[in-house]
Amino acid sequence: MLVLGLETSCDETGIALYDTERGLLAHRVYSQIAVHAEYGGVVPELASRDHVRKGLPLIREVMDEANLSLKDLDGIAYTSGPGLVGALLVGACLGRSLAWSLDIPAVGVHHMEGHLLAPMLEEDVPDFPFIALLVSGGHTQLVKVEGIGQYELLGESLDDAAGEAFDKAAKMMGLPYPGGPALSKLADEGDAQRFKFPRPMTDRPGLDFSFSGLKTFTRTTILDCAVDGVLAEQDKKDIAAGFQAAVVDTLAIKCKRAMKQTGVNRLIIAGGVGANRMLREQLRITAEQLKGKVYYPRPALCTDNGAMIAYAGAQRLNAGETSDIAVKCVPRWPMTDLQPLGKVLSQ
Ligand code: ATP
Ligand code: MG
Ligand code: FE
């Protein structure tokens, strides 16, 4: 089954072609970073307009790259939530109309289910059940995954998401938006021990997270170090290293706890922060300590992309699920509302 996947939930237009027999055939991601950079964050209206502008040309590019035509498609998957409603509607309208004109089924995909299943696009695929650490710009969650659509939420952030904390700390340090990758690069040259960042909520039981305290600690450390409002380069690197180590340690402690608590020793990491090298390395060690294994997608499939939507949509379409002709997007949508594969045949 050949499926076209469309991702437009935020500030990346991701388009991909996935075939259930042949795997990922082509994918393209257009990032709107330059559009939003001068505002320091995503401007929803501008995001929607840019998805409108880039959708069709990118679809043409992936079809050309795979040497296929629209007539070859068996189904279309689009992100139907959660995300910015205007941005979601662009992809949903595009996908639904294209499917209608081609007389093929379309299905709306949950963005976080897409992230969660992205490791399945790699060679080494985990068996169910596994524990998923979802760490992105809007989510930090630990989920026990029994199968596609069978998700038990074990814990989540009570305030900022891990990616959001990275971005906010980076902004305080004067790094360009989105700051996560830039902060992580600086951290490579810093001394993580110099400033004693806390490991929030690790000294009490439970699997929830809180990252707002790290933001405050970053702010006060910057104020302590800055001379006439300016931070020395080495201070910046050491603050970045201390911050990153605190986030990574905190996530690793909770992952270990989740694996011990459930007795499941397979762990997957997904979402943009999953691209972080230190996090990947530390979780590899954590899983090994429990005689388990960690799985993650290549960095390009950690951040938003169409491949994960094409993959998740292909599984649901293959099980006979389709979305109604009326376009419906769900900006706020808990992943635990999803049903096991094939249970809801029409939405
Ligand atoms: P959500 O998926 O929750 O709706 P989103 O789609 O905006 O949010 P993603 O695209 O999955 O989030 O991830 C983007 C986030 O990942 C940003 O916060 C970014 O700073 C962070 N990020 C990307 N690469 C790295 C890295 N190497 N280190 C730390 N953070 C990173
Ligand atoms: Mg993004
Ligand atoms: Fe995302």
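See the structure above.
The sections below set out a description of the structure shown in this document. Model, not experiment: these values are computed from the prediction.

1. Describing the site of ligand 1
Lining the immediate environment of ligand 1, one finds 21 residues, of which Ser136, Gly138, His139, Asp167 and Asp304 sit closest. Separating an oxygen atom of ligand 1 from a side-chain N or O atom of serine 136 is a distance of 2.5 Å. The side chain of aspartate 304 places a nitrogen or oxygen atom 2.6 Å from an oxygen atom of ligand 1. Protein chains bury 87% of the 640 Å² of accessible surface belonging to ligand 1 in isolation. For the shell around ligand 1, the secondary structure elements donating two or more residues are helix H4 (111-117), helix H5 (162-172) and helix H6 (179-187). Each residue belonging to the shell around ligand 1 can be placed in one class, and the counts come to 6 nonpolar, 13 polar and 2 charged.

2. Describing the side chain of histidine 110
Residue placement: histidine 110 occurs in strand E5 (residues 106-110). Residue class for histidine 110 comes out buried when judged on its relative accessible area of 2%. Reaching out from histidine 110, the side chain makes a polar contact with the backbone nitrogen of methionine 112 at a distance of 3.1 Å. Leave out the neighbours within four places in its chain, and histidine 110 touches Gly81, Pro82, Trp333, Pro334, Met335 and Leu338.

3. With respect to the pattern of salt bridges
For the structure on display, the rule yields 21 salt bridges. For the salt bridge of glutamate 122 with arginine 298, the shortest nitrogen-to-oxygen distance reads 2.8 Å. Remark: arginine 298 occurs in the loop between strand E10 (293-295) and helix H10 (306-318) and glutamate 122 occurs in the loop between H4 and strand E6 (130-135); sequence separation between them is 176 residues. Several salt bridges share partner residues, and in doing so they unite Asp160, Glu164, Lys168 and Lys215 into one network.

4. Some words on the nonpolar core
Of all hydrophobic cores here, the largest spans 44 residues; its most connected members are Leu133, Leu142, Leu183, Phe243 and Leu283. Contributions of two or more residues to this core are made by E6, H5, H6, helix H7 (212-225), helix H8 (233-262), strand E9 (266-270) and helix H9 (277-289). Among the elements that take part in this core, H8 stands out by supplying 12 residues, more than any other. Core analysis: the second largest hydrophobic core is formed by 34 residues, Val109, Met112, Ala132 and Val143 among them.

5. Looking at the sheet that holds strand E2 (residues 12-19)
Pairing is mixed across the open sheet formed by 5 strands, whose spatial order is E3-E2-E1-E4-E5. Looking at strand neighbours, the two that pair on one side only are strand E3 (23-31) and E5, the edges of this open sheet. The mean angle between the axes of side-by-side strands here comes to 20°, regardless of whether they run parallel or antiparallel. With 4 bridges joining them, strand E1 (residues 2-7) and strand E4 (residues 75-81) adopt parallel strand pairing. Directly across from glycine 5, in E4, lies its bridge partner alanine 77. Packed on one face of the sheet, helix H3 (residues 85-102) meets E1, E4 and E5 and runs near 160° to E4. Sitting on the sheet, H10 is in contact with E1, E2, E3, E4 and E5, with an inclination near 130° to E1.

6. Quick word on the coordination of the magnesium ion (ligand 2)
Each protein donor to the magnesium ion (ligand 2) is listed here as Asp11 (OD) and Glu12 (OE); together their distances run 2.2 to 2.4 Å. On the basis of relative accessibility, which here comes to 6%, the residue aspartate 11 falls in the buried class. Assessed through its relative accessible area of 14%, glutamate 12 is described here as buried.

Reading the values: the criteria
- Residues numbered from 1 in each chain as written.
- Chains lettered and ligands numbered in written order.
- Predicted model: local features only at pLDDT ≥ 70, side-chain atom pairs only at ≥ 80, totals over all residues.
- Heavy atoms only, no water.
- Near = heavy atom within 4 Å.
- Polar contact = N/O pair within 3.5 Å; in protein donor to acceptor, adjacent residues only side chain to side chain.
- Areas by Shrake-Rupley, 256 points an atom, 1.4 Å probe, with all protein chains shown as cover.
- Helix = DSSP H or I, 4+ residues; strand = E, 2+ residues; numbered from the N terminus.
- Nonpolar A, V, L, I, M, F, W, Y, C, P; charged D, E, K, R; others polar.
- Buried < 20%, exposed > 50% of the residue type's maximum accessible area, 1.4 Å probe, protein only.
- Contact = heavy atoms within 4.5 Å.
- Salt bridge = Lys/Arg side-chain N within 4 Å of Asp/Glu carboxyl O.
- Core = buried A, V, L, I, M, F, W, Y, C linked by side-chain atoms within 4.5 Å.
- Pairing = 2+ DSSP bridges.
- Axes fitted to C-alpha atoms, helices over the stretch in contact; angles between N-to-C directions.
- Donors = N, O, S within 2.8 Å, 3.2 Å for Na, K, Ca; no water.

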